[in-house]
Structure formats: structure tokens, C-alpha cells
Amino acid sequence: MKNISESSRRNFIKKMAAASAAVAVGTNMFAAENKAVYFEKLTRTPGSPNDKINLALIGAGGMGTQDVITALKVPNVKLVAVCDLYKGRLKDATTKWGADLFLTRSYREILSRKDVDAVIIATPDHWHQQISIDAMRAGKHVYCEKPMVHAITEGPAVIKAQTETGKIFQVGSQGVSSLGNEKARQLLKDGAIGQLNYAEGFWARHSPTGAWQYPIPADASLDTVDWETFISNTTKRSFDATRFFRWRNYRDYGTGMAGDLFVHLFSSLHFITNSFGPNKIYAAGGLRYWKDGREVPDVLLGTFDYPQSAAHAPFNLSLRCNFVDGTSGTTYLKLVGSEGSMDVTWDSVTLKRNKTIESDDPFYIEQMKKAGTPVSDRKRILAPEEYTFAAEKDYLGGPYDHFVNFFNAIRNGGKITEDAVFGYRAAAPALLCNDSYNQDTAILWNPENMQLVKK
Ligand SMILES: NC(=O)c1ccc[n+]([C@@H]2O[C@H](COP(=O)([O-])OP(=O)(O)OC[C@H]3O[C@@H](n4cnc5c(N)ncnc54)[C@H](O)[C@@H]3O)[C@@H](O)[C@H]2O)c1
């Protein structure tokens, strides 16, 4: 195991000590409820635009639309083509981005176009693998939404395509490029929470759309929806608008709570810790409330053992998600170490350092004296116990930074953090959660070799 470097740990403590001194003179900080609070603004310097990049969107629903809006904020990027299986989405695309867009139902027509440099793949999960591979083999750079693949068996072929084509391939867990994740990674490296022992993540939702009961357009029919193509790589069924528009609820197309939500936290956690992932995965849960014919649970609890690796000591992770609670909480990722904890979002990190309590217990004082530790009655200025690192107000956010990283890599031949290997290592424990839940058994995984382990 690589220990946290002593010098960076000392630097961190020195920096925080300077911050404590600032508390005493009232700069940079403010006191609230007797707690010293440290506040640091996180900033990003804008890069310079380079060559023009022509972009195409495959899958123009909720996230595809959002991705294009974000991508077009990056200078010198142009949307030239859109593909979708539902006519209504193609019509919406021309309303948003202009009548001169090339529109099609067939992603292969997009891939054969010479004027397309890069594609965003924002289809339901069961199409990610094939379109990604076909796109890279057709010479396109790919931004593929998370989870990278729909089944554990599908990852290696994407990695192979990326390696063989040398194309830029980035998975869409945007948090990985955010200031918040970057700061957490630096703080962990600097020893701010000591050795990581435990991590946890949580979501609670209750609204119908939060629970994937999306509206079904009134004109949904075999005329407006290319159903045959939608199911062409999975179980054959007759047209079902609910399955098409609420695909997340069905196992043939979606990846449940784990593939939809846990995967974001795996991506962030692996980025912050440099981890390859867990070696033991167990999930439990059930369908408790949204009994609308869905095939996936609305309460899911996952536990994960992270083995010792070159980057970290062993630790445990617990992830919870429910669509039955409208009263509390929201997404969070917490890392707990031997000296404190960090709450991490894309825009901020709240660091809490364990406070050493001075004891007046005579036995304790005696033991301290015996150990040669000076014990004084005099009150001290205590170090701050809570530090907030928050992005500046005009920060464009993790999603924007993620596209900047994607386009920079295309323009400058740079490296992508969330490439196919990273994307598979984040998707795998999420997909194995579903396998664990469905088979009611713990699953063993070798995160470094990216292979299942026989029990
Ligand atoms: N990164 C994030 O924060 C985030 C957030 C939401 C969704 N997502 C991911 O984005 C993807 C899309 O999710 P969504 O919420 O936008 O779903 P959506 O249903 O709103 O959109 C999917 C679109 O893909 C189209 N489509 C289906 N099969 C297709 C095919 N073979 N070729 C072309 N178009 C096809 C559908 O007609 C639909 O318009 C999913 O993989 C999801 O996990 C990521």
C-alpha cells in the first residue's frame, strides 16, 4: 500500500494551521455557532478554443438534449446531425438547434457522414456498447453516457475498440471532471482525513418522474416510434409505448438504480481514491411502492469491499437508494478516514477533522505525563474542525468541465480520465449489484483484471 506522503500531509496540516491563525485575526473565515469554519473558493481558468469540432447526437431525449446544450457552450463546437427513434424528438431537435441539421432514425447514417467528428451517445443503456464500438470503428470520437455498458460481459469489447482505434472515448459521469471531485482527490492525497476506512453514498426520491414514471407522448405509435430497431438487440416483443418511454424500469433496456445512480458515485469515488474498485459486491432491496409493472426494485442497498491496492488500504463502501422517501436527504458521497471525513459534491467539499478532546480525567493525565506528553491547564486556540471548499458562483460545473476535457483531448490528443477502462471499472460493480440482487448472492470480482472470480 502506498502511504499518504508524509511531506504532503505535513504541508496540509501547515496550511490548515495558517488558516487557524487567520481565524484568530478574523480573516478568510467566519465563526458560526462556536464552530470555526474555513472557507475556500474553488476556481477554474478557462482554456482557449482550437479547431472546430462537428458533433452529432444519437439519442435526443432528456440527457442527450442536456449534453448538447452543455457541449455547445464550449467554443468552436457545432451540432450537425441528430439521430433518434422517435419522430417527436427529431422535431424538437430542429426547433432547438435549427432546420439545417441532418436528421435520421439510423445511427449508422450518422457514422457514415464525413462531416461528423464526434458523437454523443445518449440512448437507453442497452444500445451503449454497440453504438460506441461502431462509432469508434467508423473513426468517430465518442462521448457515451453512463453506464458504459448494459451487462458485465459487454465491457471488454468497448475497451478493445478504444485501444485498437485510438479514438477519444469518454463516459458521461460528469462529476469526475468537477472542481469538487478534484479538490476531494487532492485533500485525500494530502492526508486531510488520514487513511480512508469507509465511504457511503445515498439518494432519496419520491416524485413520479424521480421514480422513472415519465410522460408518454400522446402520439406514441408504430408510426412515430421505430420499435423494431429499439428491440432489435434484445427480447422481441410487440409495441409497448411504456417500455419505450419508461425504459429504465425494464431489465432488457435499463440497468436499475445501480446502473443509473450508483455508477456516478463509483466514478467519483474511484477518481478521488485512484481505486480500481471493489472485489466483493452484495445488494439487497425490493419493489415496495411503485408497483406499476416495473421489473426493478425501488429500494436498493449495496455493500462493497474494496481490497488493499497500490493506491489505498482496504475500506468498505455502502450505497443506498430509494424512491419511497420524499422527506429527507439528497445525493451525497461521504469518505470517512482515520482523522476525519469529507462530504463531496461536484461543486464543494466539506471537510470535518476529528477534534482531539482535552480530558480532565486524572488517570488520562497521569498516562500522558508518563508518556512524556505535556499536559497544561491553559486553554488553547483550537484548530478549525470544519472546512468548506466551494466553487465560485460563476462556475460552469462538472458537466461543462467534462465536455471541455473531451474536446481538449480530441484537439490536443490528450488523455481521458474516464476512458473505457475507467468506465468499465465504474459500471462493473453497479451491474454486479443487479446480478447480486437478482441471484441473491454476493459476487466476487477482480477489479484490477476486470474479471469475475469463481466462488
Ligand atoms: N450523466 C448523467 O447525469 C445522466 C443523466 C440522465 C441520463 N443519463 C444517461 O443518458 C442515457 C439516456 O437517458 P435519458 O434520460 O435521456 O433517456 P430518454 O428516454 O429521455 O432518451 C433516450 C432517447 O434515445 C432514443 N433512442 C432509443 N434507442 C435509440 C437508438 N437505438 N438509436 C437512437 N436513438 C435511440 C429514444 O427515442 C429517446 O429519445 C441513459 O444511458 C442514461 O443513463 C445520464
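Note that the coordinates shown come from a computational prediction; the quantities given were computed from them, not determined experimentally.

Chemist: So what exactly am I meant to see when it comes to the overall build of the chain here?
Modeler: What the chain contains, in helices and strands, is 13 helices and 18 strands. Residues counted as buried form 42% of the 455 residues belonging to the chain. In the chain, 74% of the contacts between residues at least 6 apart in sequence involve partners at least 24 apart.

Chemist: Explanation requested: the sheet that holds strand β6 (residues 118-121) in the structure shown.
Modeler: One key point about sheets: their strands pair by backbone hydrogen bonds, in either a parallel or an antiparallel sense. Pairing in this open sheet of six strands is parallel, and the strands run β5-β4-β3-β6-β7-β8 from one edge to the other. Each having just a single partner strand, β5 (102-104) and β8 (169-171) make up the two edges of the open sheet. Across the sheet, the mean angle from the axis of one strand to that of its neighbour is 20°, orientation sign disregarded. Looking at chain direction, strand β7 (residues 141-144) and β8 are connected through three bridges and run parallel.

Chemist: Is there a simple way to explain the confidence of the model for the chain in this structure?
Modeler: Parts of the model with low pLDDT should not have their predicted coordinates read in detail. When the pLDDT values of the chain are averaged, the result is 91; 90% of them are 70 or greater. With pLDDT under 50 throughout, residues 22-35 is counted as low confidence; its partners more than four residues away or in other chains account for 19 contacts.

Chemist: Before we go on, may I ask you to explain unusual backbone geometry in this structure?
Modeler: Backbone phi values are negative for most residues with the exception of glycine, while trans is the configuration of most peptide bonds. Residue Pro-147 follows Lys-146 across a cis peptide bond; omega there is -10°. Examined against the element boundaries, Pro-147 turns out to sit in the loop between β7 and α6 (155-165). Positive phi outside glycine occurs at Asn-76, with the angle close to 65°. The topology assignment puts Asn-76 in the loop between α2 (62-71) and β4 (77-83). For Asp-440, which is not glycine, the phi torsion reads 50° and is therefore positive. Among the secondary structure elements, Asp-440 is positioned in the loop between α13 (420-439) and β17 (443-446).

Chemist: How should the site of the ligand be read in this particular structure?
Modeler: In the vicinity of the ligand, 25 residues are found, and the nearest of them are Gly-59, Gly-61, Gly-62, Met-63 and Glu-145. The set of elements that each furnish at least two residues to the shell around the ligand consists of α2 and α8 (227-230). Examining the composition of the shell around the ligand, we find that three residues originate from one element, α2, more than from any other. Tallied by class, residues from the shell around the ligand come to eleven nonpolar, eight polar and six charged.

Chemist: Help me understand the nonpolar core, please; the structure alone is not making it clear to me.
Modeler: Generally speaking, nonpolar side chains in soluble globular proteins are found buried as a group. Membership of the largest hydrophobic core comes to 97 residues, with the highest contact counts inside it found for Ile-58, Val-119, Ile-120 and Phe-262. It is α13 that provides the largest number of residues to this core, a total of eleven residues. Residue-level mapping places this core at the junction of two domains, with at least three residues from each of domain 1 (6-42 + 180-213 + 243-398 + 419-453) and domain 2 (53-175). With residues up to four places along the chain from it excluded, the contact list for Phe-262 reads Met-257, Gly-302, Leu-319, Cys-321, Ala-430 and Cys-433. Counting residues in hydrophobic clusters, the runner-up holds six residues, among them Leu-85, Tyr-86, Val-225 and Trp-227.

Chemist: What is the right way to look at the environment of Ala-211 in this model?
Modeler: Mapping Ala-211 onto the fold places it in the loop between β9 (196-204) and α8. Ala-211 gets classed as buried once you count the C-beta atoms within 10 Å, which come to 20. Between the C-alpha atoms of Ala-211 and Asp-298, which are 87 residues apart in sequence, the distance is 7.7 Å. For Ala-211, the contacting residues outside a window of four places in its chain are Arg-205, Trp-290, Asp-298 and Phe-323.

Chemist: Is there a simple way to explain helix α11 (residues 362-370) in this structure?
Modeler: Quick reminder: α-helices carry 3.6 residues per turn. Residues three or four places apart thus point the same way. For α11, the tally of buried residues reaches only zero of nine residues, placing the bulk of the element at the surface. Gly-372 occupies a position one or two residues after α11 and carries a positive phi of about 80°.

Chemist: For this particular structure, what's the right way to read the pairing of strand β15 (residues 348-353)?
Modeler: Successive side chains on a regular strand alternate, one facing one side of the sheet and the next facing the other. Burial along β15 is one-sided: Val-349, Leu-351 and Arg-353 are buried, while Ser-348, Thr-350 and Lys-352, pointing the other way, are not. Sheet topology places strand β14 (residues 340-344) next to β15; five bridges connect them, and they run antiparallel. Its bridge partner being in β15, Val-344 is matched across the sheet by Val-349. Here five bridges tie β15 to strand β16 (residues 386-391), and the two strands are oriented antiparallel to one another. The residue bridging Lys-352 from the neighbouring strand is Glu-386, located in β16.

Chemist: Would you mind going over the packing of α6 against α13 with me for this structure?
Modeler: Two measures define how a pair of helices packs: the angle their axes make with one another and the distance between the axes. Packing of α6 against α13 brings their axes to within 9 Å, and their N-to-C directions diverge by 170°. When the axis of α6 is compared with that of α13, the two are roughly antiparallel. Contacts between α6 and α13 pair Gly-155, Val-158, Ile-159 and Gln-162 from the former with Ala-420, Val-421, Tyr-424, Ala-427 and Ala-428 from the latter. The class makeup of the residues in the contact of α6 with α13 is seven nonpolar, two polar and no charged.

Chemist: Mind showing me how you'd approach the pairing of β9 here?
Modeler: The pairing of β9 with strand β13 (residues 332-337) spans six bridges and is antiparallel. Within the sheet, the bridge partner assigned to Tyr-198 lies in β13 and is Val-336. Two strands pair when backbone bridges link them, and β9 and strand β12 (residues 315-322) are joined in this way by seven bridges, in the parallel orientation. Each bridged residue has a counterpart across the sheet, and for Trp-203 the counterpart in β12 is Cys-321.

Quick notes on the rules
Residues numbered from 1 in each chain as written. Predicted model: local features only at pLDDT ≥ 70, side-chain atom pairs only at ≥ 80, totals over all residues. Helix = DSSP H or I, 4+ residues; strand = E, 2+ residues; numbered from the N terminus. Buried ≥ 20, exposed ≤ 12 C-beta atoms within 10 Å, placed from the backbone. Contact = placed C-beta atoms within 7 Å. Pairing = 2+ DSSP bridges. Axes fitted to C-alpha atoms, helices over the stretch in contact; angles between N-to-C directions. pLDDT = per-residue confidence, 0-100. Near = placed C-beta within 6 Å. Nonpolar A, V, L, I, M, F, W, Y, C, P; charged D, E, K, R; others polar. Core = buried A, V, L, I, M, F, W, Y, C linked by C-beta atoms within 7 Å. Domains from an automatic or database assignment. Parallel < 35°, antiparallel > 145°, perpendicular 65-115°, else oblique.

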